[in-house]
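# Coordinate inspection notes
So the chains spell out like this:
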Amino acid sequence: MLGQWPLRVANSRAVGALLCLLLMLGVGAPSAGAAITEWTLVNPMLAQRTASSLTRYYTEVKPQKTWVRYITRNSSRAEFRVRSITTPNDTLGQLISLQLGQFRISSTTELRVALGDDLYAALLLSRNDPMAVQEALFIGDQFTHDDWISNSTGILSLDRLDYRVAPSLGLFVGLGAPESNQSWWNDGSLRLGVASPEWEFGVLAPFASGGSAVGPLRERRLAPGWGAAGMVRLQNFTARARFTGLSDAALSATQTIASPYLHSLSLQGAFGFPFETPLGPMRLSMGAGYEEYAEVCSDQNNQAVQGERLRRLSPVGDLDWVLPNENLRFSVGVADLSLRGNFTARLTNSFYFQVRAVSNNTFRKPEPFEHPFTLFLTPIIKW
């Protein structure tokens, strides 16, 4: 019953099979982590060689006259910014980004082809130049809005807009609660906030959306409300919290079930372990989460009052896998006793396409405010 405290435990065989699959896909043991460093290229001869290789690449291999003119014009008056990623097992590392003003390459494979082996290695070693200005950066994820690697000014999808006001500070507008498997079409809450690589904070406000089903998007069954959400990241540990208070906004929202329900509280904590495999880089995250939903009723004065509550304690686990060519990202995991998956394709450095799916009836029976299965599709545009 909703008024009790049921800690829903998933079918042990199903959970065991999922965890075994995650570990088998890991191929090897997790490493201690990876580090990203950005620095300026201060050696003038190395900068000249880099400009010459890039102009040759965009003239003969991948013709783009616009970039040839831009590099030729700006290489003598602007500095190259270089980013690399290193791990305990690979101290030399890999280049992940090369930037000159508005020009940027964010593919390791393309950088190897454009620069050649000798120049590629020389640029990696240039971070040891005593005159180079270095900065340690959070790893981030180039396939989501949590992207502090590509140095994008803006990131736009159907459910979120990020704008970077500084290299480590951004403003955002988001809809829904994807960390709790709720897309903006199902949740109906607007999130306004500030983000950085180490933390994120936002306020929640009601946003009327999703009252009707459209294609794969099911009608909204959760009522929106006022509240706040936050995230703190400490090295490999990430903690999230989100709460929504009771208000009349829950009663005035469009409802498709008998009684509206509010996503009143969400708490999550997980450790992430990035590691390299022959199949490409992977990241295994494991932790626990708590989700609470409250029924919203009206009293004799038509004021919103809280009814029964549903509480769930659940393991949280995700395995993220990026192909070696860095064009596809797959993710599978569990949260709130629901199986979830994510697929993102990078079509260009500025255009991605993402598909998110959640199955609420794999390990448990869906509640009245949940659909057995939800699917969300969105383009992601960066500039």
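Residues numbered from 1 in each chain as written. Predicted model: local features only at pLDDT ≥ 70, side-chain atom pairs only at ≥ 80, totals over all residues. Heavy atoms only, no water.

A word on the nonpolar core. Judged by nonpolar contacts, the single largest core of 25 residues is most densely connected at Leu54, Phe80, Leu95 and Leu115. Of all elements in the fold, only helix 2 (44–61), helix 3 (65–74), strand 3 (90–100), strand 4 (103–105), helix 4 (108–115) and helix 5 (117–125) reach the threshold of two or more residues within this core. With six residues, helix 2 is the largest single contributor of residues to this core. Excluding its chain neighbours within four sequence positions, the residues that come into contact with leucine 54 are Ile71, Phe80, Leu98, Phe103, Ile105, Ala114 and Leu115. Formed by six residues, the second largest nonpolar core is a distinct cluster that contains Leu175, Trp184, Trp185 and Phe376. (Core = buried A, V, L, I, M, F, W, Y, C linked by side-chain atoms within 4.5 Å. Buried < 20%, exposed > 50% of the residue type's maximum accessible area, 1.4 Å probe, protein only. Helix = DSSP H or I, 4+ residues; strand = E, 2+ residues; numbered from the N terminus. Contact = heavy atoms within 4.5 Å.)

Evaluation of the coordinates by the stated rule reveals 22 salt bridges. Notably, a salt bridge pairs lysine 62 with glutamate 110, separated by 3.2 Å at the nearest N-O pair. Taken together, the residues lysine 62 in the loop between helix 2 and helix 3 and glutamate 110 in helix 4 connect sequence positions 48 residues apart. Take lysine 62: its relative accessible area is 34%, and that puts it in the partly exposed class. When its relative accessible area of 14% is taken as the criterion, glutamate 110 is described as buried. For aspartate 141, the salt bridge goes to arginine 329, with nearest N and O atoms at 3.1 Å. Taken together, the residues span a long stretch of sequence, with aspartate 141 in the loop between strand 5 (134–137) and strand 6 (154–157) and arginine 329 in strand 17 (residues 328–335) at a distance of 188 residues. (Salt bridge = Lys/Arg side-chain N within 4 Å of Asp/Glu carboxyl O.)

Purely geometric numbers; function is a separate question.
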